[in-house]
Amino acid sequence: QVQLVESGGGLVQPGGSLRLSCAADGTFFSINNMGWYRQAPGKQRELVAVVTSGGSTNYAEFVKGRFAISRDNAKNTVHLQMNSLKPEDTAIYFCNAEVRPRALNPHIPYWGQGTQVTVSS
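Residues numbered from 1 in each chain as written. Predicted model: local features only at pLDDT ≥ 70, side-chain atom pairs only at ≥ 80, totals over all residues. Heavy atoms only, no water.

**Re the sheet that holds strand β1 (residues 2–7)**
In space, the four strands of this open sheet follow the order β1-β3-β8-β7, with antiparallel pairing throughout. The open sheet terminates on both sides in strands that have one partner only, identified here as β1 and β7 (67–72). Averaged over all pairs of adjacent strands, the angle between strand axes in this sheet comes to 15°, irrespective of strand direction. When strand β3 (residues 18–26) meets strand β8 (residues 77–82), the two strands line up antiparallel, connected through six bridges. Bridge pairing links Arg 19 to Gln 81 in β8. (Pairing = 2+ DSSP bridges. Helix = DSSP H or I, 4+ residues; strand = E, 2+ residues; numbered from the N terminus. Axes fitted to C-alpha atoms, helices over the stretch in contact; angles between N-to-C directions.)

**So, the packing of aromatic side chains**
Considering all chains together, one arrives at one aromatic pair under this definition. Centre to centre, the rings of Tyr 37 and Trp 111 are 5.0 Å apart; their planes meet at 70°, and the pair counts as edge-to-face. With Tyr 37 in strand β4 (residues 30–39) and Trp 111 in strand β10 (residues 108–111), this residue pair connects regions lying 74 residues apart in the sequence. For Trp 111, a relative accessible area of 38% translates into the label partly exposed. Against the face of Phe 94 rests Arg 45, its NZ or CZ located 3.7 Å from the ring centre. Against the face of Trp 111 rests Arg 45, its NZ or CZ located 4.6 Å from the ring centre. (Phe/Tyr/Trp six-rings, centres within 6.5 Å; stacked < 30°, edge-to-face > 60°. Buried < 20%, exposed > 50% of the residue type's maximum accessible area, 1.4 Å probe, protein only. Lys NZ or Arg CZ within 6 Å of the ring centre and 35° of its normal.)

The following block contains the structure:
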């Protein structure tokens, strides 16, 4: 069984910064992509950023230049550094990981429980 445990959300003023962290806990063979998604009230969940096992990154246009994703493969963790936050960044942020439970198994997407980020003065 695999769990993704998130931390780091909270309330911040516009222009401020937050750092989200997510750790994959459990027994598994490997992790492929790790990423962050967000869902604002009344909206669909959307991709924020993703990082491959090799370190390649991809960002949604609305966070380019402001957010940075990173991962530590040895610790099975992924982080999202969020700078210059705007009120429209307010959402629940979800960690995602493509986990291979055992060798030769396909990768399975796992989700964290979500962490609230609120940007408001």
